[in-house]
Amino acid sequence: MTQIKRNFNSVYNEYHLLVYNVALNYVQNIEDAEEITQDVFLKVHESLSDFKENSSLKTWLYRITINQSLDFIKKKNSKKRFFIFGKKSQNEFELINISNFEHPGILLEQQEDAKVLFLVINSLPVNQKTAFILSKVDGLSNPEVSEIMEISISAVESLIFRAKKELKEKLSNKFEEYRKNK
């Protein structure tokens with residue numbers, strides 16, 4: 001077994017759950033998170049020998065996972081828009097599954113509230129969403145978020161502050177609508 005193969009296996013064994021959980025926080029769908037995880041480790045396998053260690057391996061994996069997740073969401077959203085404006089897809093399940101919410105870390109009775117929360121988180125600008133998820137959902141420190149996003153710590157603090165402010169406003173409106181409809 002080559003050194004790179006051994007390294008890849010150890011990287012996969014150590015980090016596959018982290019990659020999966022980060023992807024799940026972005027897409028809130030088990031199958032999509034699994035697909036992103038596979039894509040991430042395919043990229044890692046292809047480029048592990050080129051890893052220059054300018055940052056930690058964990059930081060590098062976070063960057064790849066976030067980029068893969070954002071690309072996946074863009075691709076899925078463009079398919080959804082094409083369906084609305086273009087010809088009907090042959091794969092109905094694929095289109096229905098686009099807005100599916102399944103997060104195994106959330107209890108069934110809390111899924112509706114969590115769905116609303118993630119809907120609002122997903123509406124944040126990409127940098128705010130990323131900073132918020134890394135900090136508040138994944139529990140990383142601001143210096144860690146700063147390194148992953150390749151921005152200053154004060155920029156991270158600003159993004160998180162703005163994300164929390166926007167979330168507070170949007171959630172207040174969402175739950176106000178929810179109470180009126182009950």
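Residues numbered from 1 in each chain as written. Predicted model: local features only at pLDDT ≥ 70, side-chain atom pairs only at ≥ 80, totals over all residues. Heavy atoms only, no water.

*Asks:* What am I meant to see in the overall build of the protein here?
*Replies:* When helices and strands are tallied, the protein shows 8 helices and 0 strands. Along its sequence from the N terminus, the protein presents helices and strands in the succession α-α-α-α-α-α-α-α. Buried residues in the protein amount to 38% of all 182 residues. Taking as baseline every contact in the protein between residues at least 6 positions apart, the subset at least 24 positions apart corresponds to 63%. Summed over its atoms, the accessible surface of the protein is roughly 11,300 Å², and 52% of this surface lies on carbon and sulfur atoms. (Helix = DSSP H or I, 4+ residues; strand = E, 2+ residues; numbered from the N terminus. Buried < 20%, exposed > 50% of the residue type's maximum accessible area, 1.4 Å probe, protein only. Contact = heavy atoms within 4.5 Å. Areas by Shrake-Rupley, 256 points an atom, 1.4 Å probe, with all protein chains shown as cover.)

*Asks:* Even after reading the chapter, I still don't get the environment of K115, so can you show me in this structure?
*Replies:* Along the polypeptide, K115 turns up in helix α5 (residues 111-122). Assessed through its relative accessible area of 37%, K115 is described here as partly exposed. Separated by 87 residues in the primary sequence, K115 and Q28 have C-alpha atoms spaced 8.6 Å apart.

*Asks:* Explain the packing of helix α6 (residues 126-137) against helix α7 (residues 142-149) to me, please; I cannot follow it from the model alone.
*Replies:* Relative to each other, α6 and α7 sit at 140 degrees, their axes nearing to 10 Å. As far as their axial angle goes, α7 and α6 are oblique. In this structure, the crossing between α6 and α7 has a hand that is right-handed. Residues N127, T130, A131, L134 and S135 of α6 pack against N142, V145, I148 and M149 of α7. Taken together, the residues of the contact of α6 with α7 sort by class into 5 nonpolar, 4 polar and no charged. (Axes fitted to C-alpha atoms, helices over the stretch in contact; angles between N-to-C directions. Parallel < 35°, antiparallel > 145°, perpendicular 65-115°, else oblique. Left-handed = near helix turned anticlockwise from the far one by under 90°. Nonpolar A, V, L, I, M, F, W, Y, C, P; charged D, E, K, R; others polar.)

*Asks:* Got a minute to help me understand helix α2 (residues 30-47) in this structure?
*Replies:* Since one α-helical turn is 3.6 residues long, residues separated by three or four positions face the same way. Helix length check: α2 (18 residues) gives 26 Å between terminal C-alpha atoms against 26 Å at 1.5 Å per residue, within 8%. Inspection of α2 places D32, A33, I36, T37, V40, F41 and V44 among the buried residues, and these make up the whole buried set. Along the long axis of α2, the arc covered by the buried residues comes to 165 degrees, so they all point the same way. The outward face of α2, more than 90 degrees from its buried face, is lined by the exposed residues Q38 and E46. Where α2 starts, the residue carrying a side-chain oxygen 3.1 Å from the main-chain nitrogen of E31 turns out to be N29. (Expected span 1.5 Å × (residues − 1). Arc of directions from axis to C-beta. Polar contact = N/O pair within 3.5 Å; in protein donor to acceptor, adjacent residues only side chain to side chain.)

*Asks:* Help me understand the pattern of salt bridges, please; the structure alone is not making it clear to me.
*Replies:* If the charged atoms of two oppositely charged side chains come close together, the side chains can form a pair. Under the counting rule described, the total for this entry stands at 3 salt bridges. Between K76 and D32 there is a salt bridge, with its nearest N and O atoms 2.5 Å apart. Pair noted here: K76 is in helix α3 (residues 57-85) and D32 is in helix α2, with a separation of 44 residues, a long-range link. Grouping residues by exposure puts K76 and D32 together as buried. The closest approach of N and O atoms between E150 and R63, which form a salt bridge, is 3.5 Å. Highlighted residues: E150 in the loop between α7 and α8 (153-181) and R63 in helix α3, separated in sequence by 87 residues. For E150, a relative accessible area of 59% translates into the label exposed. (Salt bridge = Lys/Arg side-chain N within 4 Å of Asp/Glu carboxyl O.)

*Asks:* In this structure, what is going on with the side chain of D32? I would like to understand it.
*Replies:* Under the relative-accessibility criterion, D32 is labelled buried at 7%. Among residues more than four places away in sequence, those in contact with D32 are V27, F72 and K76.

*Asks:* Mind showing me how you'd approach α7 here?
*Replies:* Those residues of α7 that sit buried are V145, S146, I148 and M149. Summarising the axial view, the buried residues of α7 lie within an arc of 165 degrees, below the 170-degree limit, and thus occupy one face.

In short, shape yes, function no, at least from these values alone.
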